[in-house]
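# Chains, contacts and geometry: an overview
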Amino acid sequence: MDRIRQAFAARAARAALAARRPATPRRVAERRLLLVLPPDDAGQAAAWALVERLGLPPDRVTAVVAGEHIATAPFAFTGRIAALGADALDWRRLPTRAVLDAAWADAPDVAVDLAGPDDLAAALLVGASSAAVRIGRHRPDREPFFDLMIGATPDAASAADALGRLLRQLDPPVLPV
């Protein structure tokens, strides 16, 4: 049964990627970020540290945690974080239409997936968004989901650190750094 579920999930993910329509990004200072946080405390702390270094106002960040556990977050984001738990997923373990619509409501310019590279729900949330730049952790079969990938990182915390270094090197910038 699990193989059937995975096959339907993969087919739905491919269809969502094919239907994706990238939006024209806003000016760098006005850009919005869709951030999928990892499920672990250290990874979430590193991701929040990156968001704070970027200096993005809370109303320009849509945060979703891959899983049920929301660790300590900056006070400004308290109550603004959605959980991608079992109730937010359909039978294929993909985000429901309501979850996708809520995550994409602010039309993100940049979408980042710091969840595990094997998390198809998180990859779909970022990869099928209208964001002009989609960034995720490397896994060969996830390449269609992302424009930029972070590789050779053993965990989400090191992926967040690598993302910070990557964002500082990009010219023109995709987010204010």
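I will try to describe carefully the structure that is included in this document. (Residues numbered from 1 in each chain as written. Predicted model: local features only at pLDDT ≥ 70, side-chain atom pairs only at ≥ 80, totals over all residues. Heavy atoms only, no water.)

### Observations concerning a negative patch on the surface
A contiguous patch of negative charge, built from Asp40, Asp41, Asp155 and Asp161, is present on the exposed surface. By the element assignment, Asp40 lies in the loop between strand E1 (33-37) and helix H2 (41-54). (Patch = residues over 30% accessible without salt bridge, like charges linked within 9 Å, V, L, I, M, F, W, Y side chains within 5 Å. Areas by Shrake-Rupley, 256 points an atom, 1.4 Å probe, with all protein chains shown as cover. Salt bridge = Lys/Arg side-chain N within 4 Å of Asp/Glu carboxyl O. Lys, Arg positive; Asp, Glu negative; His and termini not counted. Charge placed at Lys NZ, Arg CZ, Asp CG, Glu CD. Helix = DSSP H or I, 4+ residues; strand = E, 2+ residues; numbered from the N terminus.)

### Focus on the pattern of salt bridges
Enumeration over the complete set of coordinates arrives at nine salt bridges. For the salt bridge of Asp101 with Arg97, the shortest nitrogen-to-oxygen distance reads 3.1 Å. Separated by four residues within a single helix, Asp101 and Arg97 lie in helix H3 (residues 97-104), roughly one turn from each other. Take Asp101: its relative accessible area is 40%, and that puts it in the partly exposed class. Judged by relative accessible area, Arg97 falls into the exposed class, the value being 51%. Taking the shortest distance from any N to any O, the salt bridge between Asp141 and Arg142 comes out at 3.3 Å. Given the relative accessible area of 39%, Asp141 is considered partly exposed. Each of the salt bridges in this network shares a partner with another, and the network as a whole consists of Asp2, Arg5 and Arg93. (Buried < 20%, exposed > 50% of the residue type's maximum accessible area, 1.4 Å probe, protein only.)

### Regarding the packing of H2 against helix H5 (residues 156-169)
Where H2 meets H5, the axes come as close as 7 Å, and the angle between the chain directions of the two elements is 20°. Our classification of the angle between H2 and H5 gives roughly parallel. Seen along the crossing, H2 lies across H5 with a hand that is right-handed. Contact residues: Ala42, Gly43, Ala46, Ala47, Leu50, Arg53 and Leu54 in H2; Ala156, Ala157, Ala160, Leu163, Gly164, Leu167 and Arg168 in H5. (Axes fitted to C-alpha atoms, helices over the stretch in contact; angles between N-to-C directions. Parallel < 35°, antiparallel > 145°, perpendicular 65-115°, else oblique. Left-handed = near helix turned anticlockwise from the far one by under 90°. Contact = heavy atoms within 4.5 Å.)

### Topic: H5
Since one α-helical turn is 3.6 residues long, residues separated by three or four positions face the same way. The end-to-end C-alpha distance of H5, which contains 14 residues, comes to 20 Å, matching closely the 20 Å that a straight helix rising 1.5 Å per residue would cover. Of all the residues in H5, the buried ones are Ala156, Ala157, Ala159, Ala160, Ala162, Leu163, Gly164 and Leu167. Against H2, strand E4 (110-113), strand E5 (133-137) and strand E6 (148-150) lie the buried residues of H5. The backbone nitrogen of Ala157 has a side-chain oxygen 3.4 Å away, supplied by the residue at the start of H5, namely Asp155. (Expected span 1.5 Å × (residues − 1). Polar contact = N/O pair within 3.5 Å; in protein donor to acceptor, adjacent residues only side chain to side chain.)

### Remarks on the packing of aromatic side chains
Counted according to the given criterion, the structure contains three aromatic pairs. Residues Trp48 and Phe77 carry aromatic rings whose centres are separated by 4.6 Å and whose planes lie at 40° to one another, so their mutual orientation is tilted. You can see Trp48 sitting in helix H2 and its partner Phe77 sitting in the loop between strand E2 (61-65) and strand E3 (81-83), a full 29 residues away along the chain. According to the relative accessible area criterion, Trp48 is buried, its value standing at 3%. Residue classification places Phe77 among the buried residues on the basis of a relative accessible area of 5%. For the cation-ring pair, Arg142 lies above Phe145, with the distance from its terminal atom to the ring centre recorded as 5.9 Å. (Phe/Tyr/Trp six-rings, centres within 6.5 Å; stacked < 30°, edge-to-face > 60°. Lys NZ or Arg CZ within 6 Å of the ring centre and 35° of its normal.)

### What about the side chain of Arg134?
Take Arg134: it is sitting in strand E5. A polar contact of 2.6 Å, which involves the side chain of Arg134, links it to the backbone oxygen of Gly127.

### A closer look at helix H1 (residues 2-19)
A rise of 1.5 Å per residue sets the reference length of H1, with its 18 residues, at 26 Å; its end C-alpha atoms lie 26 Å apart and thus fit the reference within 8%. Buried within H1 are the following residues: Arg5, Ala9, Ala13 and Leu17. Down the axis of H1, the buried set is contained in an arc of 100°. They therefore lie on one face. Exposed residues lying more than 90 degrees from the buried face of H1 are Arg3, Arg11, Arg14, Ala18 and Ala19. Packing partners of the buried residues in H1 comprise helix H4 (120-127) and E5. (Arc of directions from axis to C-beta.)

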